[in-house]
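Coordinate analysis (summary)
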Amino acid sequence: NELNHKMQRIEQHLLDRPVELAGAASLVSPLLVLSYKRADYLERTLWKIFSNHPANNGNQGPTEDKGRIVGCPIVVSQDGPNSEVQDVIETYQQLFEYKLGIPLYRIQHEREPNEMYEKDLFEPYKRLAKHYGWAIEQVFSSDAYTAGAKHSRSDLSDRTPPKPHRLIVLEEDIEVARDFFSLMNATADLLDLDDTLIAVSSYNDNGRSDLVADPKRLVRSDFFPGLGWMMNRAVWDGKVGHPGLKDGEGFAPGGFWDDWLREPGIRRGRQIIRPEISRTYHFGNVDGASEGEKNNMLNKIELEESHAKFENLPLTSQLEGRAFAAEYWSRVSHARKVETAGEAKY
């Protein structure tokens with residue numbers, strides 16, 4: 001079948017000699033991919049990650065000399081057992097570890113019994129939210145590096161990455177653009193240093209091709225888009241990032257993860273950086289949590305195919321809170337009334 005054919009192309013890559021392993025200092029910005037039972041979707045997502053990964057195409061940019069490779073290591077979290085999904089993960093583990101020299105970890109979340117969700121219309125969202133919370137904690141705590149420590153290369157067995165500074169989150173049905181990692185790399189320091197930010201997202205919910213124009217423009221927004229996003233440790237770490245939490249209370253919802261991060265009590269006035277033109281594309285239309293409900297809207301979102309090289313842009317001055325607010329107000333105050341979306345675009 002088609003999946004087997006795609007897996008065979010990977011085996012061709014494994015005939016070459018393995019590359020040098022990435023240094024420990026580069027392993028502080030992991031990429032987490034959440035998966036359930038759609039092996040073909042996961043394969044498509046991992047192939048795009050491999051094709052566009054900075055360790056593969058050398059487009060990391062100016063901050064490469066800091067030793068950081070954003071999206072490294074990679075953790076794929078399975079929600080329950082599925083042999084086909086596991087086969088895809090283990091095949092790509094060989095590809096990433098042999099061809100890119102970066103470790104890939106497979107962890108598995110234990111799904112709760114079906115009886116717990118009997119007649120619950122929101123079961124898919126609740127299950128996804130629990131998987132999200134569990135998997136993110138596994139990575140930030142570094143437990144993922146011990147639980148998923150089986151590698152395809154023996155020289156990785158005695159290497160454990162340091163605790164992450166930040167984390168990128170994708171799902172099994174999200175395709176990344178060529179400059180997805182450039183976006184994350186260029187905004188990582190902004191996210192770390194600016195406590196008025198809660199996340200960086202690669203997606204624009206209003207990113208239809210007839211509504212967007214500038215591939216280099218990033219904005220600050222009060223709305224969390226999700227679908228390929230990054231948070232840092234300060235946002236996640238319990239009372240450090242959330243002083244209002246009670247003892248034993250986790251920083252994770254029981255359902256509807258995106259909506260929860262938009263709640264005023266969680267966002268607390270912090271903003272999100274996102275691009276005008278999306279750097280992720282949601283292609284899943286079978287067996288997702290929304291059961292295809294939003295596919296008509298999601299499939300219209302434009303995926304940028306050029307390479308903006310965000311590291312070369314003056315993002316610090318453009319996206320500093322007061323500077324961005326002034327520039328945004330200037331745009332609004334000089335706006336003119338138009339009759340069509342096409343006029344507004346230009």
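These remarks concern the structure in this document. The residue numbers shown here count from 1 along each chain, following its written sequence. Residues qualify for local features only when their pLDDT is at least 70, as the model is predicted, and side-chain atom pairs are given and counted only at 80 or more; totals for whole chains, interfaces and linings, by contrast, use all residues. Water and hydrogen atoms play no part in the side-chain values, which are based on all heavy atoms of the structure.

**A closer look at a nonpolar patch on the surface**
For patch building, the residue pool is restricted to those with more than 30% relative accessible area and no salt bridge; the joining distance is 9 Å between like charges and 5 Å between nonpolar side chains (Val, Leu, Ile, Met, Phe, Trp, Tyr). To be clear on the numbers: accessible area is Shrake-Rupley with a 1.4 Å probe, and residue cover counts the displayed protein chains and nothing else. We count a salt bridge whenever a side-chain nitrogen from Lys or Arg sits within 4 Å of a carboxyl oxygen from Asp or Glu. Side chains of L121, F122 and F256 sit close together on the surface and give an oily, nonpolar patch of about 330 Å² of accessible area. In this structure, F122 sits in the loop between strand 3 (104–109) and helix 5 (123–140). Each helix corresponds to a stretch of at least 4 residues labelled H or I by DSSP, and each strand to a stretch of at least 2 residues labelled E; elements are numbered beginning at the N terminus.

**Quick notes on the side chain of R220**
With respect to the helices and strands, the residue R220 is situated in strand 7 (residues 218–221). Looking at R220, its side chain comes within polar contact range of the main-chain oxygen of L319, at 2.8 Å. Any pair of residues with heavy atoms lying within 4.5 Å of one another is described as a contacting pair. Those residues in contact with R220, other than ones at most four positions away along the chain, are D194, T196, L197, Q271, I272, L319, E320, G321 and F324. Polar contacts, as used here, are pairs of N or O atoms within 3.5 Å; protein pairs need one atom able to donate a hydrogen and one able to accept it. Residues neighboring in sequence count only if both atoms are side-chain atoms.

**Digging into helix 5**
What a helix should span is 1.5 Å times the count of its residues minus one. Taking 1.5 Å per residue as the helical rise, helix 5 with its 18 residues ought to reach 26 Å, and the 26 Å between its terminal C-alpha atoms agrees with that figure. Under the scheme applied here, a residue whose accessible area is under 20% of the maximum for its type counts as buried, over 50% as exposed, and between as partly exposed, the area being computed with a 1.4 Å probe on protein chains only. For helix 5, every residue scored as buried is listed here: Y125, R127, A129, H131, Y132, G133, A135, I136, Q138, V139 and F140. S142 sits one or two positions beyond helix 5 and adopts a positive phi of about 75°.

**Regarding the pairing of strand 2 (residues 74–79)**
Extensive coverage of strand 2 is indicated by the burial of six of its six residues. Residues I74, V76 and Q78 of strand 2 are buried on one face, and the alternating residues V75, S77 and D79, pointing to the opposite face, are buried as well. Both strand 1 (residues 31–35) and strand 2 contribute to a ladder of five bridges, which runs parallel. Paired with V33 across the two strands is V76, which belongs to strand 2. Paired strands, as defined in this entry, are two strands with at least two bridges between them according to DSSP. Alignment of strand 2 against strand 3, held across six bridges, turns out to be parallel. Within the sheet, the bridge partner assigned to V75 lies in strand 3 and is Y105. The path from the first strand over the helix to the second decides the hand: if it runs clockwise while the strands point away from the viewer, the crossover is right-handed. Regarding topology, helix 4 (residues 83–100) serves as the crossover connection from strand 2 to the parallel strand 3, and that connection is right-handed.

**Structural notes on the pairing of strand 7**
Side-chain alternation along strand 7 places L218 and R220 on one buried face and V219 and S221 on a second face that is also buried. By the bridge criterion, four bridges tie strand 7 to strand 9 (residues 271–275) in an arrangement that is antiparallel. Considered in strand 9, the bridge of R220 is made with I273.

**Some points on the packing of aromatic side chains**
In this analysis, rings of Phe, Tyr and Trp, with Trp reduced to its six-membered ring, are considered paired at centre separations within 6.5 Å, and the interplanar angle assigns stacked below 30 degrees, edge-to-face beyond 60, and tilted for intermediate values. Under the criterion given, the structure shown has 14 aromatic pairs. Ring geometry for F122 and F256: centres 5.3 Å apart, planes at 70°, overall edge-to-face. Placement of F122 in the loop between strand 3 and helix 5 and of F256 in the loop between helix 9 (238–241) and helix 10 (257–261) is noted, with a sequence separation of 134 residues between them. Residue F122 is classed as partly exposed on the basis of its relative accessible area, which comes to 44%. Consider the rings of W257 and W260, whose centres lie 5.5 Å apart with planes at 55°: the pair is tilted. Taken together, the residues span about one helical turn, with W257 and W260 both in helix 10 at a distance of three residues. As far as the burial class goes, W257 and W260 line up, both buried.

**Regarding the nonpolar core**
Nonpolar side chains in soluble globular proteins generally cluster together in the buried interior. Within this scheme, the nonpolar core is defined by two criteria: the residues are buried Ala, Val, Leu, Ile, Met, Phe, Trp, Tyr or Cys, and they are joined through side-chain atoms within 4.5 Å. Core analysis: the largest hydrophobic core is formed by 53 residues, its most contacted members being I49 and F96. By residue number, the principal contributor to this core is helix 7 (residues 180–193), which donates eight residues. Sequence-distant contacts of I49, that is, excluding residues within four places in its chain, are made with L31, V33, I74, F96, L170, V176 and F181. I107, I198, W257 and I266 belong to the second-largest nonpolar core, a separate cluster that totals 28 residues.

**Considerations on the sheet that holds strand 8 (residues 229–232)**
If you walk across this open sheet you meet the eight strands as 3-2-1-4-8-6-9-7, and the pairing is mixed. Sheet topology places strand 3 and strand 7 at the edges, where each strand pairs with a single neighbour. Sheet twist, expressed as the mean angle between neighbouring strand axes with direction ignored, is 25°. Helix axes are fitted to C-alpha atoms over the stretch in contact, other axes to C-alpha atoms as well, and angles between N-to-C directions run from 0 to 180 degrees. Most of the contacts of helix 2 (residues 39–52) go to strand 1, to which it runs at about 165°, and overall it touches strand 1, strand 2 and strand 4 (166–171).

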